[in-house]
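What the coordinates show
Here is what each chain is made of, one letter per residue.
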Amino acid sequence: MEIKRNVVLVKYTTFHIGGKAKYFFVAKNKDEIIKAIEWAKDKNLPFFILGGGSNLLVSDKGYRGLVIKFGEPLSLYVLKGLDWAVGIPGTIQGAVYGNAGAFGKSMKDAVKSVEVFDIKTNKIKIFKNKDCKFSYRDSIFKRNKNLIIISVKIKTSPKANAFRRAGEYLNYKKNTQPLNFASAGSVFKNPPGASAGELIERCGLKGKKIGNVKISEKHANFIVNLGGGKARDVKKLIKIIKTRVKKKFKIDLTEEIQFL
Ligand SMILES: Cc1cc2nc3c(=O)[nH]c(=O)nc-3n(C[C@H](O)[C@H](O)[C@H](O)COP(=O)(O)OP(=O)(O)OC[C@H]3O[C@@H](n4cnc5c(N)ncnc54)[C@H](O)[C@@H]3O)c2cc1C
C-alpha cells in the first residue's frame, strides 16, 4: 500500500484551499479502502474519506491523520438517468452522503441501494433507499461516521431526451453560478421556504471580500477563491453571513459544506 506523506490538499478540493494531509492514500477499490482504514485504525490515527472534495473546506493547518481518496465520478451517471446532476462535481459516494440534488431532484429519488462498510463491526451491509434516511442535503451517512459508502446502485434508467435536458440544466447553471471560479458550491442550505442566496444578497453582502476569498457577485450563496485563498478567511465570511442574516431575518443559516 503506497501511503504518501505530507500531501498538499489544495489540488484535491474544488475550493483549491487546504493544508497538508499527514498521510494520503488513493483507494481504487473496496479492498484498498478497507485496508487503508485498517492501517489507520492500527496506528490509532483518525482518517477521512475524500471524494471529489467539492463540498469541502479543508483547514489551512491540514489534517494530522490519513486522508483516503475514493469514489466514482458522479458525471458517469448523468446520462444513465441523473440528468439533473449535470455539473455537480465529485463522486456518487459524496453525492449520497449529502443527498446532493438540483432542479427539484436529489439522490433520494435515484438510489436503489448502497453498499456500506461499517467500521465499528468491520462488516459490509446493504442499505436500501429507505435505510439511508435521506432528507434535504442529509442522510444517515452524515450522522453516522462509522458508515463508509463503498458503492451505489441507482434505480433510474436513461431517458430519451437526457442529453438535451442535461445541456439545458448546465446552461442554467452557467448563467446563474460563478462556475469560472474555484468554490465548493452552495455554502449554506436553503432554510425552509427561503433561498439562502437571496437572504445573503438582501443583507448587501454580494462582493464582500476578505483576503483572497469573496462572496460571489453572481450568486451570493457561493464563496469564491480568487487565487491563494485561505480557509480562515472563508470561515470569517461564513461568520459574517450568519450574523447578518440572523440579525436581519431572525434566521439561522446552516452550512451545507463540510469541514476538515
Ligand atoms: C461548482 C459546484 C456546483 C455544485 N452544485 C451542486 C448542486 O447543484 N447540488 C448539490 O447538492 N451540490 C452541489 N455542489 C456540491 C458538491 O459537488 C456535492 O455536494 C457533491 O455531491 C460532493 O461530492 P464529493 O465527492 O466531492 O464529496 P467531498 O466533498 O469529497 O466530501 C463531502 C463529504 O462526503 C463524505 N464522503 C465522501 N465519500 C464518502 C464515502 N465513500 N463514504 C462516507 N463518506 C464519504 C466526506 O467525508 C465529506 O464529509 C456543487 C459544488 C460545486 C463546486
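Just so we're clear, the structure is a prediction, and the values are computed from it rather than from any experiment.

**Some details on the sheet that holds strand E9 (residues 123-128)**
With antiparallel pairing, three strands are arranged side by side in an open sheet as E9-E8-E10. Each having just a single partner strand, E9 and strand E10 (147-154) make up the two edges of the open sheet. Adjacent strand axes in the sheet meet at a mean angle of 25° when their direction is disregarded. Looking at chain direction, strand E8 (residues 111-118) and E9 are connected through six bridges and run antiparallel. For Ser 113, the partnering residue across the bridge sits in E9 and is Lys 128. Across the sheet, helix H1 (residues 30-42) is in contact with E8, E9 and E10; its angle to E10 comes to roughly 165°.

**Here's the deal with the sheet that holds strand E11 (residues 209-210)**
Strand order in this open sheet of three strands is E11-E12-E13, and the pairing throughout is antiparallel. Where the open sheet ends on each side, the last strands, each with one partner, are E11 and strand E13 (223-225). Each of E11, strand E12 (213-215) and E13 touches helix H7 (residues 231-249); the most contacted strand, E12, lies at about 25° to it.

**Remarks on the UniProt feature "domain: UDP-N-acetylenolpyruvoylglucosamine reductase C-terminal" (unreviewed entry) in the protein chain**
In the numbering used here, UniProt assigns the feature "domain: UDP-N-acetylenolpyruvoylglucosamine reductase C-terminal" (unreviewed entry) to residues 165-259. Taken as a whole, residues 165-259 contains 40% helix and 11% strand, while its terminal C-alpha atoms sit 33 Å from one another.

About the criteria used
Residues numbered from 1 in each chain as written. Predicted model: local features only at pLDDT ≥ 70, side-chain atom pairs only at ≥ 80, totals over all residues. Heavy atoms only, no water. Pairing = 2+ DSSP bridges. Helix = DSSP H or I, 4+ residues; strand = E, 2+ residues; numbered from the N terminus. Axes fitted to C-alpha atoms, helices over the stretch in contact; angles between N-to-C directions. Contact = heavy atoms within 4.5 Å. UniProt positions renumbered as here; feature names shortened; annotations may be inferred.

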